[in-house]
Every structure is written in C-alpha cells, then in structure tokens.
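Given next are the chains, with one letter for each unit.
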Amino acid sequence: MTTPKNDKNTRTTGRPTLNEVARLAGVSPITASRALRGVSTVATELVEKVQKAALDLNYVVNPAARALASAQSHSVVVLVPSLSNLLFIDTLEAIHRVLTPKGFEVLIGNFHYSRDEEEKLLRNYMAYQPRGLLLTGFDRTESSRRMIEASNIPCVYMMELDSAAGVNCVGFSQLSAGETAAGHLLSRGRKRLAYIGAQLDQRTLLRGEGFRRAVQKAGLYDPDLEVLTPRASSVGLGGELFLQLLAAHPDVDAIFFGNDDLAQGALLEALRHGIKVPEQVAILGFNDLPASEHMVPRLSSISTPREAIGRRAAEQMLTLMAGNNVLRPVEDMGFELKIREST
C-alpha cells in the first residue's frame, strides 16, 4: 500500500492551516495572514471573510510556526513587573494602541518584581524570535543582559533613563521625582520627614534616594524615619506602616509614600483614628492613581506619564524595527507634582 505524500499546505496533525483559511475566504495566504494580524491596510470586507473562515475552521495562529516559516516573527515582547498595578496597565494599553494596527502581536510577560523570573521569561520568549523587546527599567540579572546583547533584537527600556551609548529608553528621573517630593514637603515647613517604600524594586529605591538627598541637604535627615519593606505594595500595607511609624515617632509631620496605594491606605487609617491630615501630618503619594483625587482628603501625588511612556516606547520600537536609528534615544517624559488637600 502506497502512503500518499503530505501536501505541503497541510499538517500531519490534522489541524487547519493558514492556507485552508485563505482558500475558504477566497484570498491569498499573505492577505489572510495580514488580516489575522490586524494589519490596517487590509480591506475591512476581506478581514471579515478571513476571520469568518478562521472561525469556521477553528483555526488558531501558531506564532512559533509563523516565525520559523518566515524567519521573522511579528511579535514584540513586553515585560513588566506587575499586572495588578494601574501604572503598567496604562502603559501596556498604550503599547497595544501603537503596535497592533501595524500588524504586530504584543506578548506580555509579568515577572512579579523578580529578576530570576524575568530571565526565565526572556529565555522562553526568545523561542518566538521576537522582532523587539520592551523592558521595564535596567535592573536585571547578568545572564539576562548577555542574552539581550547577544540576540541583536531591538530593545527599548521603559520608566527609567540611561544615557549610555546605544541604549534606547523612555521614562523620567526617579531621583528627581524623590527630590521634588522632599522639596514640596519642605516648602510646607515640615521638619520631620519620613519615606515609606515597599516592593523595593530599583525605581522605589531611586525615589527614596532622591528624597533622602534633599532632606539631607536641608539638614533634617533621620534614618529612623525611612521605612522600607520588600512586601508587596498595597492599601492595607500602607495603613499598617503608617500607624507603626506614628506609634514609634509621633512627631513625624510629613510622609512621602513610594506608591499611591500605600498613601491611600495611610489616609484611610488617619480618617479611622482621627489623625488630622495635613494639620498633624502631611501625606504625599506617587504615580497619581485615579482614586487619589477622590480620597478624603484629596491626595497630593507625583503624576507619572505612564500612558505617554508606553506610546513613545512603542513608537521608538517601530523606528528600530524598520532598521532606522531613533533621533532621541533617551526621552525624558518628565513628571508633574499634583498638589491637593493632603499636603
């Protein structure tokens, strides 16, 4: 008995192929591929035909197979430390809005503020032969650094700045943000300034360093008023640390929190315990999350341009993937101090 040869456009697994989708939709495989990737140049009626054909055939895109077939994937890997923090959700949404209409797939990895987890994600995603990498900050394992360098894949770093040659990054100065926070509280006549930070990623530590420098310059620094914990940042933790700090140092009259959720927790506990804000203690947050301007009292915070960072980082990536150099490889998007009732 003769075994029939496999059609090059079919799979031995019996799963539907892109060619079958294209035939059913009455278009070329290239058009079908572009339609399924969301490339904006494909006519709407063709996209609808292809999507219907894919649905009828139960076709599922295999990005690894696509990369092997073309020797070039259409994926961009984005690694962030958290998916529960609105800061990164806003950034990811902006990245999607820029890259998806251009036909790129955004592969998201959450490394939970762990350098080892980020390294594992990088190794796994490299199998997809991504066209680009969008990474958060510069704090990672040496193995990750070597992997990125050896890959020759275009890379843009987000949230932090580094003027080193060959580095493309979009963010703002975490040090300056901490200095600005201290400057604001000092301008309000506060003398006993504290910093409360959680998670202890590099950006939290840099904000604390900037705050410390400014307070030291004013001759008011007390190391006992610096509360740092590796625990995950949360509203509950913020309230807990706030009460612990005031119990140990009742003369504290201003606190800068490394994240808004911590500061929001402090405001809730202050309200619950009758601690007057800002009369007794001023409270300043960071990131200006949506709920902050609705707290009681309204929370002062440093607003960070998370959406703008995601959009500009994705735009830089498009430029790099097209084989061009970015005109401004280091883009400082700045930040804004939002002064409200809590300070």
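Summary of the structure given here. (Residues numbered from 1 in each chain as written. Predicted model: local features only at pLDDT ≥ 70, side-chain atom pairs only at ≥ 80, totals over all residues. Heavy atoms only, no water.)

### Some details on the overall build of the protein
- On a plain count of helices and strands, the protein comes out with twelve helices and twelve strands.
- C-alpha extents for the protein along the principal axes are approximately 90 × 40 × 40 Å.
- When the 343 residues of the protein are sorted by exposure, 50% land in the buried category.
- Expressed as a percentage of contacts within the protein between residues at least 6 apart in sequence, the contacts between residues at least 24 apart total 70%.
- Element-wise, carbon and sulfur atoms account for 51% of the exposed surface of the protein, whose accessible area totals about 16,500 Å².
- The averaged location of the 38 negative side-chain charges in the protein is 6 Å from the averaged location of its 38 positive side-chain charges. (Helix = DSSP H or I, 4+ residues; strand = E, 2+ residues; numbered from the N terminus. Buried < 20%, exposed > 50% of the residue type's maximum accessible area, 1.4 Å probe, protein only. Contact = heavy atoms within 4.5 Å. Areas by Shrake-Rupley, 256 points an atom, 1.4 Å probe, with all protein chains shown as cover. Lys, Arg positive; Asp, Glu negative; His and termini not counted. Charge placed at Lys NZ, Arg CZ, Asp CG, Glu CD.)

### Quick look at the environment of I148
- Looking at the element boundaries, I148 is found in helix α7 (residues 142–151).
- Residues within four places of I148 in sequence aside, it is in contact with L122, L133, L135, R140, C155 and Y157.

### Concerning the pattern of salt bridges
- Here the structure, examined in full by the defined rule, presents 23 salt bridges.
- Between E118 and R140 there is a salt bridge; the shortest N-O distance is 2.8 Å. One end of the pair, E118, is in helix α6 (residues 115–126); the other, R140, is in the loop between β3 (132–136) and α7, with 22 residues separating them in the sequence. Comparing E118 with R140, the two get one shared label, buried.
- Across the pair E307 and R311 runs a salt bridge whose closest N-O atoms are separated by 2.7 Å. Note that E307 and R311 are positioned in helix α12 (residues 306–321) at a spacing of four residues, about one turn of the helix. (Salt bridge = Lys/Arg side-chain N within 4 Å of Asp/Glu carboxyl O.)

### So, the sheet that holds strand β10 (residues 300–303)
- Across the sheet, which stays open at both edges, the six strands sit in the order β7-β6-β8-β9-β10-β12 with mixed pairing between neighbours. Edge positions in the open sheet fall to β7 (226–229) and β12 (336–338), since each of these has one partner strand only. When strand polarity is set aside, the average angle formed by the axes of neighbouring strands in this sheet is 15°.
- The pairing of β10 with β12 spans three bridges and is classified as antiparallel. Residue pairing across strands places I302 opposite L337, the latter belonging to β12.
- Strands β6 (193–198), β7, β8 (254–257) and β9 (282–287) of the sheet are contacted by helix α9 (residues 202–217), whose axis makes an angle of about 170° with β6.
- Set on the sheet, helix α10 (residues 235–248) makes contact with β6, β7, β8 and β9; between it and β6 the angle comes to about 145°. (Pairing = 2+ DSSP bridges. Axes fitted to C-alpha atoms, helices over the stretch in contact; angles between N-to-C directions.)

### Considerations on the nonpolar core
- Ranked by internal contacts, the top residues of the largest apolar core, which has 39 residues, are L99, L134 and F211.
- With 23 residues, the next largest nonpolar core counts A198, L241, L245 and A266 among its residues. (Core = buried A, V, L, I, M, F, W, Y, C linked by side-chain atoms within 4.5 Å.)

### Describing the pairing of β8
- With burial as the criterion, each face of β8 is covered, one bearing A254 and F256 and the other bearing I255 and F257.
- Bridge count for β6 against β8 is four bridges, and the pairing is parallel. Pairing of A194 across the sheet is with I255, part of β8.
- As paired elements, β8 and β9 share three bridges and run parallel to each other. Its bridge partner being in β9, I255 is matched across the sheet by I283.
- Traced from β8 through helix α11 (residues 260–273) to β9, the parallel crossover comes out right-handed. (Right-handed = clockwise from strand over helix to strand, strands pointing away.)

### Regarding the sheet that holds strand β1 (residues 75–80)
- Taken in spatial order, the six strands make up an open sheet running β2-β1-β3-β4-β5-β11, and their pairing is parallel. On the outer flanks of this sheet lie β2 (105–110) and β11 (330–332), each paired with one strand and no other. This sheet shows a mean twist of 15° between the axes of neighbouring strands, independent of strand direction.
- Of the strand pairs in this sheet, β1 and β3 are connected by four bridges, and their pairing is parallel. The residue bridging V76 from the neighbouring strand is G132, located in β3.

### Digging into α10
- With 14 residues, α10 ought to run about 20 Å at 1.5 Å a step, and its terminal C-alpha atoms sit 20 Å apart, in line with that.
- Along α10, the residues classified as buried are L237, G238, G239, L241, F242, L245 and L246.
- The inward-facing, buried residues of α10 abut β6, β7, β8, α11 and β9. (Expected span 1.5 Å × (residues − 1).)

### With respect to α6
- Under the 1.5 Å per step criterion, the end-to-end length of α6 is 17 Å for twelve residues, consistent within 8% with the ideal 16 Å.
- Considered for burial, the residues of α6 that qualify are E118, E119, L121, L122, Y125 and M126. Seen from one end, α6 has its buried residues packed into an arc of 165°, which puts them on one side. Exposed side chains of α6 directed beyond 90 degrees from the buried face belong to D116, K120 and N124. (Arc of directions from axis to C-beta.)

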